[in-house]
Amino acid sequence: MEEQKKCGCKHIKGIVCDVKNCAHHDSSNCCTAECVSIGPSSAQNCAETVCATFTPKSMG
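**A short note on the overall build of the chain**
- Broken down by element type, the chain carries zero helices and four strands.
- Every one of the 60 residues in the chain was classed for burial, and the buried ones make up 18%.
- For the chain, the proportion of contacts with a sequence separation of at least 24, taken over those separated by at least 6, is 27%.
- Carbon and sulfur atoms make up 55% of the accessible area of the chain, which totals about 4,600 Å².

**With respect to the environment of V16**
- Looking at where V16 falls in the secondary structure, it is placed in the loop between β2 (9-12) and β3 (38-39).
- Take V16: its relative accessible area is 66%, and that puts it in the exposed class.
- In sequence terms V16 and C31 are 15 residues apart; their C-alpha atoms lie 6.6 Å from each other.

Calculation rules
- Residues numbered from 1 in each chain as written.
- Predicted model: local features only at pLDDT ≥ 70, side-chain atom pairs only at ≥ 80, totals over all residues.
- Heavy atoms only, no water.
- Helix = DSSP H or I, 4+ residues; strand = E, 2+ residues; numbered from the N terminus.
- Buried < 20%, exposed > 50% of the residue type's maximum accessible area, 1.4 Å probe, protein only.
- Contact = heavy atoms within 4.5 Å.
- Areas by Shrake-Rupley, 256 points an atom, 1.4 Å probe, with all protein chains shown as cover.

Any functional reading would require information beyond the geometric quantities listed.
Printed below as a string of structure tokens:
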């Protein structure tokens, strides 16, 4: 998986994330997770998919 540095953070090239309350979200809408898992395998369209890598951002 190709990664690059941007704003001092590693992010997964080509992944855009708008989920601001995810721990892997950075201020430039990039994903900083080491890898991303998307499912479920039974999805029939994009509305049925979810990012299984989502981790709630700690609020403390």
